[in-house]
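Read off the chains here:
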Amino acid sequence: MSTTTRDPKAITPKSEDFDRWYVDVVRRAELADYTPVGGCMVVRPYGWGLWENVRDALDAMIKRTGHENMQFPLFIPESLLTKEAEHVEGFAPEVAWVTQGGQKKLEERLAVRPTSETIICTLYADWIHSWRDLPVLINQWANVVRWEKRTRLFLRTTEFFWQEGHTFHETTDEAKFEVEQMLGCYRELAEEWLAMAVIPGRKTESEKFAGADYTMSIEAIMSDGLALQSGTSHHLGQNFTRAYNITYTGRDNTVQHPFQTSWGLSTRIIGGVIMSHGDDRGLVLPPRVAPVQVVVVPIERSNDPEGTEAVRAACVRLEEEAAGRVRLRVDRREGHRPGEKYAHWELRGVPLRIVVGSRDLAEGSVSLVRRVDGAEMRLPLGEVGERLPALLDEAHVLLRERALKLLEDHSREVATLDELRGAFADGPVFANAPFCDRPECEVEVKAAVHAVTVRCLRTDRSGEGRPCLACGTPAEHIAVIARAY
RNA sequence: CGGGAAGUAGCUCAGCCAGGUUAGAGUGCACGGUUCGGGACCGUGAGGUCGCGAGUUCGAAUCUCGCCUUCCCGACCA
């Protein structure tokens, strides 16, 4: 009868139902939850702590590359939003409108910002006058709203949190450099901080940001073989600066429109971290952003007061040695057995676990278990503290190697549409193919395999003039073709 | 927004088809005790306007309609 009853303490295995596994992990690890507001999630302290660490790492890169943070309004008057035609058309279906303030109906509707190019351009039209005012290099951390039809925790919610960088430059080459530089920051964040495997590239015309000349992205691979667009960087050319009449007097005393870029990375990346690394026990967090990097589980026995005292002293010692270097937490909760605590912190993806028990302690050592691969080791109590940073780095490297192997195992080289079909016969993959980048060929590619799209044209590889998989003409690019979130 | 499924305790679910005492189980939670090297055990206890709103009925978790939310498959998208 009740064969469908599941162990409420277990999470759905990945292999059984990946989507349910994902939701189970997000909720059980207390990263985020649903709210009474349709399509909107609440990010809980553990999830927000993770985001803060991601944010801080990226914020440092944004500052390092010369940008300053500022803050723009949440609301955008309709008349401002609608000046750049392509942009308006792109966002129209997903803009939320405020039509009333208090009891009074507004004379002009206010959009809840879906992104801030329009308000930023409106303001900078007043602030940019001379080539000496350029470049403008700014960023804001903010929430934005897009009325999505179908939402998923972290991956696509009506309201989400991100940073949006906006810059204005004298030349298109400068803007181009900026676009690539910031995509590089996203790649650095994904690889060096989040241990993810990503592919950088340029979006096709049909996939680019509405209003951009071109869009760059990093595409990450999830452990079910699907792609996740994890950061985007746009060259806006002069599309907005013309529409919003931003002009400056150039070095040659002529009136010019600046070239513009924008780039963003959102809380979606948290979903990427979960789906890149998680396993059937729950989260596996990248050490450099994990809110808790090391958890210490003391083993105490009520019939062994001396041993317990030694265990407690060892825990205090570890705390003191970790202070300021490693985010370490001692799980001193009473009434929970050790095994329960192991499961608790494994679900939350803590990279390293130290078990302090009197048995090991009698020999002056403690046990240490690595979350990513379950490797166990015994280390002298006196050495553990100073070795933690290196152990965390090792865990990062292992996680990154595993992610790269995932990408390698799911990558295929195809030369024709038939080979493309064959590559997807046994499940989702990243298919690499010579591609001419003509819209007609993109349509053919999408028609060849269910639900695939051209994710990007790789910037780290060239088509070398080999025949396009669709039309056979010499192709400049290697396209990554995959199913995506 | 189209097609499908589901909403009963924090979680996983039974009960609904054939309406009828005080709505159940496991797990979790609180307290006490025994435990403690991989999700312990005993005892006590708290916890539910059965998603929301109408309707049918003497009587609705159960039947009907509407709405909301979530999940799955599409179309759209960071």
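Residues numbered from 1 in each chain as written. Chains lettered and ligands numbered in written order. Predicted model: local features only at pLDDT ≥ 70, side-chain atom pairs only at ≥ 80, totals over all residues. Heavy atoms only, no water.

S.K.: Help me out: how do you make sense of the overall build of chain A in this one?
M.R.: Regarding its fold elements, chain A presents 14 helices and 23 strands. The globule rule puts the C-alpha radius of gyration for 485 residues at 23 Å, and the 26 Å found for chain A is close to it. Counting over 485 residues, chain A shows a buried share of 53%. Just so you have it, chain A exposes about 21,800 Å², and 49% of that area is on carbon and sulfur atoms. Taking the average location of the 60 positive side-chain charges in chain A and that of its 73 negative ones, the two points are 4 Å from each other. (Helix = DSSP H or I, 4+ residues; strand = E, 2+ residues; numbered from the N terminus. Rg over C-alpha atoms; globule rule 2.2 N^0.38 Å. Buried < 20%, exposed > 50% of the residue type's maximum accessible area, 1.4 Å probe, protein only. Areas by Shrake-Rupley, 256 points an atom, 1.4 Å probe, with all protein chains shown as cover. Lys, Arg positive; Asp, Glu negative; His and termini not counted. Charge placed at Lys NZ, Arg CZ, Asp CG, Glu CD.)

S.K.: Would you mind going over the sheet that holds strand β5 (residues 96-101) with me for this structure?
M.R.: Picture the strands of a sheet paired through backbone hydrogen bonds; they go either parallel or antiparallel. An order of β4-β6-β5 is seen for the three strands of this open sheet, with the pairing classed as antiparallel. Whereas interior strands pair on both sides, the edge strands pair on one side only; in this sheet they are β4 (75-77) and β5. In this sheet, adjacent strand axes meet at a mean angle of 45° when their direction is disregarded. The pairing of β5 with strand β6 (residues 104-112) spans five bridges and is antiparallel. Its bridge partner being in β6, W97 is matched across the sheet by A111. (Pairing = 2+ DSSP bridges. Axes fitted to C-alpha atoms, helices over the stretch in contact; angles between N-to-C directions.)

S.K.: I would appreciate a short explanation of the packing of aromatic side chains in the present structure.
M.R.: Note on aromatic pairs: each is described by the distance of the centres and the angle between the planes. By the definition in use, this model includes eight aromatic pairs. Judged by centre distance (6.0 Å) and plane angle (70°), the ring pair of W51 and W141 falls under edge-to-face. Residue W51 is located in helix α2 (residues 45-64), and its partner W141 is located in strand β7 (residues 136-145); the two are separated by 90 residues in the primary sequence. Under the relative-accessibility criterion, W51 is labelled buried at 3%. Look at W141 and you get buried, because its relative accessible area is 18%. (Phe/Tyr/Trp six-rings, centres within 6.5 Å; stacked < 30°, edge-to-face > 60°.)

S.K.: Quick question: what am I supposed to make of the protein's contact with RNA strand B here?
M.R.: Surveying the vicinity of RNA strand B reveals 46 residues, the closest of which are R156, R268, R353, R359 and H450. Within 4 Å of the protein, the contacting atoms of RNA strand B are drawn from sugar and phosphate to the extent of 49%. The contact in question runs from a base nitrogen of RNA strand B to an N or O atom on the backbone of T157, over 2.7 Å. A distance of 3.5 Å separates a base nitrogen of RNA strand B from a polar side-chain atom of R281. (Near = heavy atom within 4 Å. Polar contact = N/O pair within 3.5 Å; in protein donor to acceptor, adjacent residues only side chain to side chain.)

S.K.: For this particular structure, what's the right way to read the pairing of strand β17 (residues 352-356)?
M.R.: Where a strand is regular, its side chains alternate between the two sheet faces. Among the five residues that make up β17, five are buried, leaving the element largely enclosed by the rest of the structure. Burial of β17 is two-sided: the residues L352, I354 and V356 facing one way and the residues R353 and V355 facing the other way are all buried. Pairing geometry for strand β15 (residues 294-298) and β17, over five bridges, is parallel. The partner of V297 across the bridge, within β17, is V355. With four bridges joining them, β17 and strand β18 (residues 365-370) adopt antiparallel strand pairing.

S.K.: In this structure, what is going on with the packing of helix α9 (residues 305-322) against helix α12 (residues 381-409)? I would like to understand it.
M.R.: The axes of two packed helices give the description: the angle between them and the distance between them. Viewed as axis vectors pointing N to C, α9 and α12 meet at an angle of 30°, and their least axial separation amounts to 9 Å. In terms of axis orientation, α9 runs roughly parallel to α12. As for how α9 packs across α12, the hand of that crossing is right-handed. Seen from α9, the contacting residues are A314, R317, L318 and E321; seen from α12, they are L381, G382, V384 and G385. Within the contact of α9 with α12, the residues separate by chemical class into four nonpolar, two polar and two charged. (Parallel < 35°, antiparallel > 145°, perpendicular 65-115°, else oblique. Left-handed = near helix turned anticlockwise from the far one by under 90°. Contact = heavy atoms within 4.5 Å. Nonpolar A, V, L, I, M, F, W, Y, C, P; charged D, E, K, R; others polar.)

S.K.: So what exactly am I meant to see when it comes to helix α8 (residues 268-277) here?
M.R.: An α-helical turn contains 3.6 residues, so a residue and the one three or four places further along point in the same direction. Most of α8 sits out of view: 10 of its 10 residues are buried. Of the residues making up α8, those classed as buried are R268, I269, I270, G271, G272, V273, I274, M275, S276 and H277. In this structure, the buried side of α8 is in contact with α1 (18-28), α2, β10 (214-221), β11 (227-237), β14 (259-266) and α12.

S.K.: For this particular structure, what's the right way to read the domain arrangement of chain A?
M.R.: Accessible area lost upon the coming together of the parts serves often as the stated size of an interface. Entries for chain A in the domain assignment read domain 1 (18-277), domain 2 (294-407) and domain 3 (411-483). Here the C-alpha centre of domain 2 lies 39 Å away from the C-alpha centre of domain 1. Taken together, the contacts link 17 residues of domain 1 with 12 residues of domain 2. Regarding the contact of domain 1 and domain 2, the summed buried area is about 1,300 Å², with carbon and sulfur atoms giving 61% of it. Inspection of the domain 1/domain 2 interface yields two salt bridges. For E30, the salt bridge identified is with R348, shortest N-O distance 3.7 Å. Linking domain 1 with domain 2 are four residue pairs in polar contact (both at pLDDT 80 or more). (Domains from an automatic or database assignment. Buried area = accessible area lost by both parts, 1.4 Å probe. Salt bridge = Lys/Arg side-chain N within 4 Å of Asp/Glu carboxyl O.)

S.K.: I tried to follow unusual backbone geometry on my own but got confused; where do I start?
M.R.: Negative phi characterises most residues that are not glycine, and trans characterises most peptide bonds. A cis amide bond links L134 to the next residue, P135, at an omega of 0°. Mapped onto the elements, P135 comes out in the loop between α5 (117-127) and β7. Its identity is not glycine, yet D437 carries a phi of approximately 70°, on the positive side. Residue position: D437 is located in the loop between β21 (430-435) and α14 (439-448). A positive phi angle is found at A451, which is not glycine, with a value near 65°. Locating A451 in the fold gives a position in the loop between α14 and β22 (452-458). Residue A451 is classed as partly exposed on the basis of its relative accessible area, which comes to 42%.

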